[in-house]
Amino acid sequence: MTTETVRVELGARSYDILIGAGETARAGARIAEITGGRPPVIVTDANVAAIHLPGLRASLAGAGLSDVPAIVLPAGEGTKTFAHLERLCEDVLALGVERSTVLIALGGGVIGDITGFAASILLRGLDFIQIPTTLLSQVDSSVGGKTGINTAWGKNLVGAFHQPRLVVVDTGTLDTLPKREVLAGYAEVVKYGLIRDPAFFDELATGEAERLIAGEPEARRRAVAVSCRIKAEIVGADERENADRALLNLGHTFGHAFEAAMGYDGRVLHGEAVAVGTILALDLSVRLGLCPADDPARVRAHFRAVGLPTTPGDLSNAEWDVDELLGHMTRDKKVKDGRITFILTRGVGTAHTQRGVDPARVRAVVADAVAGRV
Ligand code: NAD
Ligand code: GLY
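These numbers were taken from a predicted model, which means no experiment stands behind them. (Residues numbered from 1 in each chain as written. Chains lettered and ligands numbered in written order. Predicted model: local features only at pLDDT ≥ 70, side-chain atom pairs only at ≥ 80, totals over all residues. Heavy atoms only, no water.)

Visitor: Help me out: how do you make sense of the site of ligand 2 in this one?
Guide: The local shell around ligand 2 consists of Asp140, Lys146, Lys231, Glu241, Arg245, Leu248 and Asn249. Between ligand 2 and the protein, one listed contact pairs a nitrogen atom with a side-chain N or O atom of aspartate 140 at 3.1 Å. Side-chain polar atom of lysine 146 to an oxygen atom of ligand 2: 2.9 Å apart, as the coordinates give it. Protein contact buries 89% of the 190 Å² of open area that ligand 2 shows by itself. (Near = heavy atom within 4 Å. Polar contact = N/O pair within 3.5 Å; in protein donor to acceptor, adjacent residues only side chain to side chain. Areas by Shrake-Rupley, 256 points an atom, 1.4 Å probe, with all protein chains shown as cover.)

Visitor: How should the site of ligand 1 be read in this particular structure?
Guide: By nearness alone, 27 residues border ligand 1, and Asp45, Gly109, Thr133, Thr134 and Thr176 come closest of all. At 2.7 Å, a side-chain N or O of glutamate 77 approaches an oxygen atom of ligand 1. Within the side chain of aspartate 113, an N or O atom sits 2.9 Å from a nitrogen atom of ligand 1. With the chains in place, 91% of the 860 Å² that ligand 1 exposes on its own is no longer accessible. Listed by contribution, the elements that provide at least two residues to the shell around ligand 1 are helix H3 (46-62), helix H5 (109-121), helix H6 (135-141) and strand S8 (154-161). (Helix = DSSP H or I, 4+ residues; strand = E, 2+ residues; numbered from the N terminus.)

Visitor: Mind showing me how you'd approach the nonpolar core here?
Guide: One broad trend across soluble globular proteins is that nonpolar side chains are buried collectively. Ile17, Leu135, Tyr186, Phe254, Met329 and Phe342 are the most contacted members of the largest nonpolar core, which totals 76 residues. Among the elements that line this core, the one with the most residues is helix H9 (residues 217-237), at 10 residues. The contact partners of methionine 329, leaving out residues within four places of it in the chain, are Thr253, Phe254, Ala257, Val335, Ile340, Phe342, Val362 and Val366. (Core = buried A, V, L, I, M, F, W, Y, C linked by side-chain atoms within 4.5 Å. Buried < 20%, exposed > 50% of the residue type's maximum accessible area, 1.4 Å probe, protein only. Contact = heavy atoms within 4.5 Å.)

Below, the structure written as structure tokens:
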């Protein structure tokens, strides 16, 4: 399979996303060009290291970069903490790095987010390359330069905008990704159809989703390329999220609340929480008279058909506390002057931001969802 290239246009900080099955094996020379022939430092997690680190090292060796050091972090959301960030920075410094050293994030969104953040602060800024290995990171987190860690106050509340120099999407790495993780990433693929591209949503809902989830190479390449193209377009127009970039957070304000309430302990995956959050955002759009009721019904039916959760009860049998969930939502980064900005929709393919939504309407959506009335 050949390489498809999507460009993120950000002036002097523009970069390519290389997409294709087997891309890691092909990317060695391109990476060596960026490192200037100097050895990079790979950061990965224990699961990914066991499966995909040898392939990356072989590709780098083929381009003259031998014995590249790798720092292996524990897998999972619990790694996005100050404690792990500190340890990672110390471990990178212990290798005797210089300003010209490039970090490579090999893994899912957790590794991309913490490695990118470490790169942004080490020696006041190192270059880094993203090699995302989950569907979620291939279609979303590796692109756009948002990096960071979680705190007890909420998700991704400490971080920096730091764009990678290159993103290498090897869709073949998804062969080893557990099905539950593939599905969670798929929720972010659907997001692009819902915010910008109704034809893409229709395509997904009429067979393409099953082909993608089953691992058909062409379906993977197309879904990743369409998603990255839409994300690149949005980020290129609004890097710092002053306007349309916020649309990429469809379903995330609700979703983050479920993740926070579960303490980021891995019982709920980010994409699963986003799937339920998306249904709630669509429900809120209907209740505000913005969107025909058929649209959330179509999305809910599609999520159910592929096996994604659609209600808080699907995420956990635990009692959800409505006040606690609303409390987490008000600590979201999208709060301004104490008011949450919601991403709402007038129908599939058209999302917009809206401030000043009546809090009683929001409470009703959350309360009904928690009570299983949606
Ligand atoms: P993750 O990084 O935790 O990876 C999920 C699991 O899959 C981990 O156990 C990992 O070890 C394993 N894994 C990764 N690749 C594998 C492979 N190819 N084969 C087998 N196992 C593999 O989770 P994720 O879903 O990739 O990312 C979620 C994170 O991304 C969250 O922290 C979220 O906040 C963040 N995120 C960031 C952005 C952004 O713009 N920066 C956007 C969306 C999400
Ligand atoms: N995932 C949201 C963003 O990149 O802006």
